Amino acid sequence: MSSAAVQVSGVTLLRQQRPVLDNISFTIPAGSFVGVLGGNGAGKTTLFRTLLGLEKPSAGQIWIEGQPTQKGRMSIGYMPQVRGMVAAQLSGWSMVAAAQQGWKWGLPFYNEKARTDIDAALAAVDAQDLASCPVGSLSGGERQRLMLAQALLDNPRILLLDEPLASLDPARMRETAERIYALAQARGMTVLMSTHDINPLMGLMDHVLYMAHGKAVLGRVEDVMTTQTLSALYGAPVEVVRAGNRLFVVAEGGGASLQSCMCVGHGA
Amino acid sequence: MLAYEFMRTAFLAAFLAALVCGPVGWFLVLRGQSFASHALSHVGFAGAAAALLLGQPALLGLGLGAVGGGVAIGMAGDRLVGRDVTIGLVLSVAMGIGALCLHFLTHSASSATALLFGDILGIGPSMLVWLGALSVACLLGLAIVARPLLFASLQPEQAEARGVNLRLLDILFLVIVAVATAQCAQITGVLLVFTLMIAPAAASLRMGFAPLQGMGIATLLALLEGWLGLVLAWYTNCPTTFWIAILGGSVFTTATLFCRLRGR
Ligand SMILES: Nc1ncnc2c1ncn2[C@@H]1O[C@H](COP(=O)(O)OP(=O)(O)OP(=O)(O)O)[C@@H](O)[C@H]1O
Ligand SMILES: [Mg+2]
């Protein structure tokens, strides 16, 4: 087990008898930056939860840095898909601090070192100025930065980011993607980041993991994002369209296949 | 006023209740579970009424009832099932059982009133020792779970990924709430636990304090409510519970106005 950060072999996960992950295998080398793509319900969140050991696959194995996956692995930083946030009155700092060794029994008391760590995580995402604001007064994108700071606590070597670009405007998407990329480069982290829009990641990704119908293909962007590969994955004809340096996936026949089609990119 | 033994005991009892109500209430409001604590006190009421009927101490029944209810709510409360429905059902069933017990408990109608509305002036020295023990137990329990509980309340998925057992934590917390409720109900009665546990905590959260500070402020506000309530009851002819409830409302309203003025 050398330099594979994540190795997935023959993983199947059933939900209500239906395979959400269907015999998936891939290997992600350490230090790569992977965009995880797929329409709503393609299984991106489920895959992340499975990698974290929170869902038990009915078949197959997962190794994280050569070890079978298990809950509570400190080397993985996780940013869940954004939900409504509670505690609107707590400050950004308290919000991030709650995640600092938050699994330990005892009181939420932060010593000098813990405070330094929390401040460093806030600084890494440029959120020092959000630290004193009540969380409820922040915009969606600002809250997402705080969640990213939480995922960075404890210096993880692998980052699983579930739609960190959701609800950002196009310029912010690119900016955030570049920030994550720079952080990953500086710290030598492996990043898996799910997104509905491949374009903000263009030029940053080493690999794309494309998911549809419980299947997944991993490869370089130019290999995966082709009409043949994606048509095979969807089991229906889809077309990859280039417009300038942007990529879009469209269903060819339209009609019935439209629902399983996803449009990568935000309008031409 | 302090020359009387029962008044000194009452002040001490209010102090013990405030110690617990502040931090427990803070977490309840943070987690949006104030309704759950309300329900637990009602389950406790059913337990207490049953205990009286069987000739047992009311506090024992109250504690057992509330803890049982807490575990039940914690176990049944799946994320998918609407929790407010589960809790509302538990609450109404409990009140029904309590009503039944009281119906047969014809010989002591006054203890029923004490259960519902509290009887802080009737607390004796041995009861005070019990209340003290319950306070210590609650605070110790909370001191152990506080950190993961805060994490799990604010960021459940991340906490789960870090190995926090959400279900276990949920049940442990509800047990702590149940014990706190049983203790607090001695002072405010089961119907008004809300006022000592939730109002100060909600006010302190609204003012935007950090967690540990916020719990401290909530404790101080609860203490203020309890003691001022006792003083006001002494000088007027109204029951302590009335004053505590009114003060609870005022504390929260004042905090809200204060935040409005500061533009938050
Ligand atoms: N708790 C659950 N119980 C039953 N089915 C579930 C559950 N969670 C997810 N599913 C199903 O699993 C499938 C994959 O869901 P998942 O959340 O992984 O998709 P996703 O790719 O993250 O989608 P999105 O882009 O909308 O976030 C969906 O069909 C969903 O209905
Ligand atoms: Mg998802």
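From a predicted model like this one, the values you see are computed outputs, not experimental measurements. (Residues numbered from 1 in each chain as written. Chains lettered and ligands numbered in written order. Predicted model: local features only at pLDDT ≥ 70, side-chain atom pairs only at ≥ 80, totals over all residues. Heavy atoms only, no water.)

**Description of the pairing of strand β11 (residues 238–243) of chain A**
All names here are of chain A. In this sheet, strand β12 (residues 246–251) lies alongside β11 in antiparallel orientation, the contact comprising 6 bridges. Across the sheet, V241 pairs through a bridge with F248, a residue of β12. Between β11 and β12, which pair antiparallel one after the other, the connecting turn spans 2 residues, and G244 there sits at a positive phi close to 65°. (Pairing = 2+ DSSP bridges. Helix = DSSP H or I, 4+ residues; strand = E, 2+ residues; numbered from the N terminus.)

**Looking at the pairing of strand β7 (residues 158–162) of chain A**
Residue and element names in this part refer to chain A. Counting buried residues along β7, 5 of its 5 residues qualify, which places the element largely inside the surrounding structure. The two faces of β7 match: I158, L160 and D162 on one face and L159 and L161 on the other face are all buried. Bridging between strand β6 (residues 76–79) and β7 involves 4 bridges; their strand directions are parallel. By the bridge assignment, Y78 is partnered in β7 with L160. Where the polypeptide runs from β7 across helix α5 (residues 170–187) and back to strand β8 (residues 190–195), its parallel neighbour, the crossover connection is right-handed. (Buried < 20%, exposed > 50% of the residue type's maximum accessible area, 1.4 Å probe, protein only. Right-handed = clockwise from strand over helix to strand, strands pointing away.)

**A few points about the packing of helix α6 (residues 125–154) of chain B against helix α8 (residues 166–188) of chain B**
Residue and element names in this part refer to chain B. Between α6 and α8, the least distance of the axes is 9 Å, while the angle of their chain directions is 150°. Considered as vectors, α6 and α8 are oriented roughly antiparallel to each other. Classified by chirality, the crossing of α8 by α6 is left-handed. Across the interface between the two elements, M127, L131, L134, S135, C138, G141, L142, V145, P148, L149 and A152 of α6 pack against L166, L169, L172, F173, I176, V179, A180, Q183 and Q186 of α8. Looking at side-chain class alone, the contact of α6 with α8 contains 16 nonpolar, 4 polar and no charged residues. (Axes fitted to C-alpha atoms, helices over the stretch in contact; angles between N-to-C directions. Parallel < 35°, antiparallel > 145°, perpendicular 65-115°, else oblique. Left-handed = near helix turned anticlockwise from the far one by under 90°. Contact = heavy atoms within 4.5 Å. Nonpolar A, V, L, I, M, F, W, Y, C, P; charged D, E, K, R; others polar.)

**Let's talk about the coordination of the magnesium ion (ligand 2)**
Around the magnesium ion (ligand 2), the donor atoms from the protein are A:T45 (OG1) and A:Q81 (OE1), and they sit 1.9 to 2.3 Å away. Pair noted here: A:T45 is in helix α1 (residues 44–51) and A:Q81 is in the loop between β6 and α2 (92–98), with a separation of 36 residues, a long-range link. (Donors = N, O, S within 2.8 Å, 3.2 Å for Na, K, Ca; no water.)

**Brief notes about the environment of B:G98**
Residue and element names in this part refer to chain B. Along the polypeptide, G98 turns up in helix α4 (residues 83–104). Between the C-alpha atom of G98 and that of H42, which follows or precedes it by 56 residues, the distance is 8.4 Å. Discounting residues that sit within four places of it in the chain, G98 has contacts with F45, A46 and A49.

**A word on the interface of chain B and chain A**
Contacts between the two partners involve 30 residues from chain B and, on the opposite side, 38 residues from chain A. Counting the surface lost from both chain B and chain A, the interface buries some 2,900 Å², and carbon and sulfur atoms represent 61% of this. Put simply, chain B and chain A have 1 salt bridge between them. Across the pair A:R49 and B:E160 runs a salt bridge, and its minimum N-O distance is 3.5 Å. On the surface where chain B and chain A come into contact, there are 13 residue pairs in polar contact (both at pLDDT 80 or more). Counting only elements with at least two residues in the side of chain B that touches chain A, the list comes to α1 (5–30), α6, α7 (156–161), α8, α10 (199–206) and α11 (211–235) of chain B. A class-by-class count of the residues in the side of chain B that touches chain A yields 19 nonpolar, 5 polar and 6 charged. (Buried area = accessible area lost by both parts, 1.4 Å probe. Salt bridge = Lys/Arg side-chain N within 4 Å of Asp/Glu carboxyl O. Polar contact = N/O pair within 3.5 Å; in protein donor to acceptor, adjacent residues only side chain to side chain.)

**Here's the deal with unusual backbone geometry**
Residue and element names in this part refer to chain A. Although it is not a glycine, Q101 sits at a positive phi angle of roughly 45°. With respect to the helices, strands and loops of the structure, Q101 is situated in the loop between α2 and α3 (112–124). Although it is not a glycine, H213 sits at a positive phi angle of roughly 50°. With respect to the helices, strands and loops of the structure, H213 is situated in the loop between β9 (207–212) and β10 (215–219).

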